[in-house]
Amino acid sequence: MRLLETMMTQVPALIGVVVGTVGTIVATTVAERARWRRSQMVRWDERRLDAYADFTRAVKEVHLLALGMLSAHRPGARTPALDGEEGLARLAEADVRHTLTWESVLLLGDELTVGAASAWRHAVRALEQAARSLPEPPGDLTELVRRADETRDGFYRAARGSLGVRGGIVDQVRRPADIRATATRL
């Protein structure tokens, strides 16, 4: 009887040890999973940032080459003129880089960013086609440049949102109404 009484007094302590051990295992597992998820998110965010930055450089390169080739047909153009033959060769090289970086954006980007990247890509492609059509550029060249600039801003907004970058609007294109509103506030 004494043995049974002794064992019965030890049962609450034993249950406490078992509950404590199970609680520690559960808490450690939950903490490890959360740490692993955070590290995976950081890892993918870094890769997404690299993909977006590489894509931006590649599209911007095509954009600048096309503007250089079209420079003589754009009054007030600030882009240095680029010889047609050299421009076509450089466009071909840039187009390869652009195509390769696009695949990374498709793989890693969210739906909104991929859509914005596609819009920018198509707008710059229209500029590239205008440069390739020389010596007969389209009449709406100013509109093509404006569209490429606006879609670039849309991509930047989407990419910053995808990466959780805060800091307000970073649009590079300002419409006359925006400029007047800013001037009246100053």
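Quick notes on the rules
- Residues numbered from 1 in each chain as written.
- Predicted model: local features only at pLDDT ≥ 70, side-chain atom pairs only at ≥ 80, totals over all residues.
- Heavy atoms only, no water.
- Helix = DSSP H or I, 4+ residues; strand = E, 2+ residues; numbered from the N terminus.
- Rg over C-alpha atoms; globule rule 2.2 N^0.38 Å.
- Buried < 20%, exposed > 50% of the residue type's maximum accessible area, 1.4 Å probe, protein only.
- Contact = heavy atoms within 4.5 Å.
- Areas by Shrake-Rupley, 256 points an atom, 1.4 Å probe, with all protein chains shown as cover.
- Lys, Arg positive; Asp, Glu negative; His and termini not counted.
- Charge placed at Lys NZ, Arg CZ, Asp CG, Glu CD.
- Core = buried A, V, L, I, M, F, W, Y, C linked by side-chain atoms within 4.5 Å.
- Salt bridge = Lys/Arg side-chain N within 4 Å of Asp/Glu carboxyl O.
- pLDDT = per-residue confidence, 0-100.
- Expected span 1.5 Å × (residues − 1).
- Phe/Tyr/Trp six-rings, centres within 6.5 Å; stacked < 30°, edge-to-face > 60°.
- Lys NZ or Arg CZ within 6 Å of the ring centre and 35° of its normal.

A.B. asks: What am I meant to see in the overall build of the protein here?
C.D. replies: Looking only at helices and strands, the protein has 5 helices and 0 strands in total. Helices and strands in the protein line up, N terminus first, as α-α-α-α-α. In terms of C-alpha radius of gyration, the protein reaches 29 Å, well past the compact-globule figure of 16 Å for 186 residues. Seen through its principal axes, the protein has C-alpha atoms that stretch 110 × 45 × 20 Å. For the protein, buried positions account for 30% of its 186 residues. Within the protein, residue pairs in contact and separated by at least 24 positions form 68% of the contacts whose partners lie at least 6 positions apart. Accessible surface, the protein: about 12,400 Å² in total, of which carbon and sulfur atoms supply 61%. When the 27 basic and 24 acidic side-chain charges of the protein are each reduced to a single mean position, those positions are 8 Å apart.

A.B. asks: How do you make sense of the nonpolar core when you look at a structure like this?
C.D. replies: Here is a general trend for soluble globular proteins: nonpolar side chains tend to be buried in one another's company. Within the largest apolar cluster, 30 residues are counted, with the highest numbers of intra-cluster contacts made by F55, V105, L127 and F155. Once residues within four sequence positions are removed from consideration, F155 is found in contact with Y52, F55, T56, T113, A116, A117 and W120.

A.B. asks: It is not clear to me how unusual backbone geometry should be interpreted in this structure. Could you clarify?
C.D. replies: The amide bond that connects L134 to the next residue, P135, takes the cis arrangement and shows omega of 20°. Inspection of the secondary structure puts P135 in the loop between α3 (111-132) and α4 (141-163).

A.B. asks: Please clarify how the pattern of salt bridges should be interpreted in this entry.
C.D. replies: Any two side chains of opposite charge can pair, on the condition that their charged atoms come close. Throughout the structure, instances matching the rule amount to 12 salt bridges. Between R132 and E128 there is a salt bridge whose closest N-O contact spans 2.9 Å. Taken as a pair, R132 and E128 lie in helix α3 at a separation of 4 residues, close to a single helical turn. One salt bridge connects E150 with R146, and the closest N-O pair in it is separated by 2.3 Å. Taken together, the positions of E150 and R146, both in helix α4 and 4 residues apart, correspond to about one turn of that helix. A residue is classified by how much of its surface remains accessible, and E150, at 16% relative accessible area, is buried.

A.B. asks: Hey, could you run me through the confidence of the model for the protein in this one?
C.D. replies: The predicted coordinates of low-pLDDT regions are not to be read in fine detail. The predicted model of the protein has a mean per-residue pLDDT of 85, with 90% of residues at 70 or higher. Of all secondary-structure elements in the protein, the lowest mean pLDDT belongs to helix α5 (residues 176-185), at 47, while α3 reaches the highest, 95.

A.B. asks: Just to check I follow, could you spell out the environment of L163 for this structure?
C.D. replies: Mapped onto the elements of the fold, L163 is located in helix α4. Taking the C-alpha atoms as reference points, L163 and D45, separated by 118 residues in sequence, lie 6.4 Å from one another.

A.B. asks: Is there a simple way to explain α4 in this structure?
C.D. replies: Owing to its 3.6 residues per turn, the α-helix brings residues three or four apart onto one side. Taking 1.5 Å per residue as the helical rise, α4 with its 23 residues ought to reach 33 Å, and the 33 Å between its terminal C-alpha atoms agrees with that figure. A positive backbone phi angle near 75° is found at G164, which sits one or two residues after α4.

A.B. asks: Mind showing me how you'd approach the packing of aromatic side chains here?
C.D. replies: Two measures describe an aromatic ring pair: the distance that separates the ring centres and the angle between the ring planes. Enumeration according to the criterion identifies 7 aromatic pairs in this entry. Ring geometry for F155 and Y156: centres 6.1 Å apart, planes at 50°, overall tilted. Looking at F155, the relative accessible area reads 1%, which means it is buried. Residue class for Y156 comes out partly exposed when judged on its relative accessible area of 25%. For the cation-ring pair, R47 lies above W44, with the distance from its terminal atom to the ring centre recorded as 5.3 Å.

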